[in-house]
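A closer look at the structure
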Amino acid sequence: MSESRAPKFFGRRKGKGLKPNQQRLLAEALPAFQVPVDPDAPIADPAALFDAPVDQVWLEIGFGAGEHLLAQARMHERVGLIGAEPFVNGVAKVLQAMEAEPALKPRIRLFADDVRLLLQALPAASIDRLFVLFPDPWPKRRHWERRIVGPSTLPAFARVLKPGGLMRLATDHPGYCAWMLYHLTRTEAGRTAFEWLDEGPGDWAAREADWPRTRYEQKRLAGPPTYLRFRRR
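These notes cover the structure that comes with them. (Residues numbered from 1 in each chain as written. Predicted model: local features only at pLDDT ≥ 70, side-chain atom pairs only at ≥ 80, totals over all residues. Heavy atoms only, no water.)

The next subject is the pattern of salt bridges. The full count for this structure, using the stated rule, is 13 salt bridges. R109 is the salt-bridge partner of D51, the closest N and O atoms lying 2.9 Å from each other. Taken together, the residues span a long stretch of sequence, with D51 in the loop between α1 (20-33) and β1 (56-61) and R109 in strand β3 (residues 108-111) at a distance of 58 residues. A salt bridge links R78 to D55; its shortest N-O distance comes to 3.0 Å. Of this pair, R78 sits in the loop between α2 (67-75) and β2 (79-84) while D55 sits in the loop between α1 and β1, and the two are 23 residues apart along the sequence. (Salt bridge = Lys/Arg side-chain N within 4 Å of Asp/Glu carboxyl O. Helix = DSSP H or I, 4+ residues; strand = E, 2+ residues; numbered from the N terminus.)

What follows concerns unusual backbone geometry. Residues other than glycine seldom take positive phi values, yet A125 does so here, at roughly 50 degrees. Within the element layout of this structure, A125 appears in the loop between α4 (115-121) and β4 (127-133). Judged by its relative accessible area of 35%, A125 is partly exposed. (Buried < 20%, exposed > 50% of the residue type's maximum accessible area, 1.4 Å probe, protein only.)

Quick look at the sheet that holds strand β6 (residues 194-196) now. Reading across the sheet, the 7 strands line up as β3-β2-β1-β4-β5-β7-β6 and stay open at both edges, with mixed pairing between neighbours. Of all strands in the sheet, those bounded by a partner on one side alone are β3 and β6. Averaged over neighbouring strand pairs, the angle between their axes works out to 20 degrees when direction is ignored. With 6 bridges joining them, β1 and β2 adopt parallel strand pairing. (Pairing = 2+ DSSP bridges. Axes fitted to C-alpha atoms, helices over the stretch in contact; angles between N-to-C directions.)

Another point: the environment of A52. Within the fold, A52 resides in the loop between α1 and β1. If near-sequence neighbours (up to four positions away) are discounted, A52 is found in contact with P106 and R107. (Contact = heavy atoms within 4.5 Å.)

Time to look at the nonpolar core. Within the largest apolar cluster, 39 residues are counted, with the highest numbers of intra-cluster contacts made by L59, L118, V149, F157, M167, L169 and F194. For this core, the secondary structure elements donating two or more residues are β1, β2, α4, β4, α5 (154-160), β5 (161-171), α6 (174-185) and β7 (226-232). Residue contributions to this core peak at 6 residues, all from α6. Each residue touching F157, except ones within four places of it in the same chain, is listed here: I61, L119, L130, V132, I148, V149, M167 and F194. The next biggest cluster of nonpolar side chains, apart from the first, holds 29 residues, and it includes L69, L81, V94 and F131. (Core = buried A, V, L, I, M, F, W, Y, C linked by side-chain atoms within 4.5 Å.)

Let us look at the packing of aromatic side chains. The geometry of an aromatic ring pair comes down to the distance between the two centres and the angle between the two planes. For the coordinates displayed, the defined rule picks out 6 aromatic pairs. Ring geometry for W144 and W179: centres 5.7 Å apart, planes at 65 degrees, overall edge-to-face. Separated by 35 residues along the polypeptide, W144 in the loop between β4 and α5 and W179 in helix α6 bring together distant segments of the chain. Given a relative accessible area of 24%, W144 falls into the partly exposed group. (Phe/Tyr/Trp six-rings, centres within 6.5 Å; stacked < 30°, edge-to-face > 60°.)

Among the structural elements, Q96 can be located in helix α3 (residues 88-100). Each C-alpha atom, one on Q96 and one on A124, is 32 Å from the other, the two residues being 28 residues apart in sequence. When sequence neighbours within four positions are dropped, the list of residues in contact with Q96 reads N21, Q22 and L25.

Summarising the sheet, β4 and β5 pair through 6 bridges and their orientation is parallel. By the bridge assignment for β5, L130 is matched with M167. The pairing of β5 with β7 spans 6 bridges and is antiparallel. Paired with R168 across the two strands is R229, which belongs to β7.

Structure follows, in structure tokens:
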């Protein structure tokens, strides 16, 4: 991955037709909450992106319809949350929730594009917690390089996470789970940067109390979910 541009993007950017109110929010509201990314002007301080004082900055990659992102914002009033999601239908749903709950607006920022561009723009050791929950497993072998958790992205995750920062991953695809664990625990790049915190099946089969379920998790799971927790060394 180059320093100024991400590789070719794979995945959906738009689903079924947007309602007029959603179109309005994307056109009028999104610019006020979109994280600005300029290759010539990296983000100096992510905490300064928010309109309220925050003690930590958390990043969720691929927030879908935003249930987890919004729940975390409601639970943690001193945390600034950046949600990255290229699928505009999901972005519109979060904007609708923010319009209905104005108290969320100062502490949520969005990046409606390929997160790899955002990762390049963030300063090192600037994120306290990182979430990647139920990403597309790209099950065909020829598509494995498209997986958002893998050898091409783990160095970027390690760069932006603060020492001691937490990374939470979840998947319902056994093959993707094995892929994640291999790259995080068996490769030098993974094991030198991340410590796996789960000690047994009882850990990776359950969520913490502050780990709300996503809509996908409630309705569309392909198999038993696996929850993985890592700490930046």
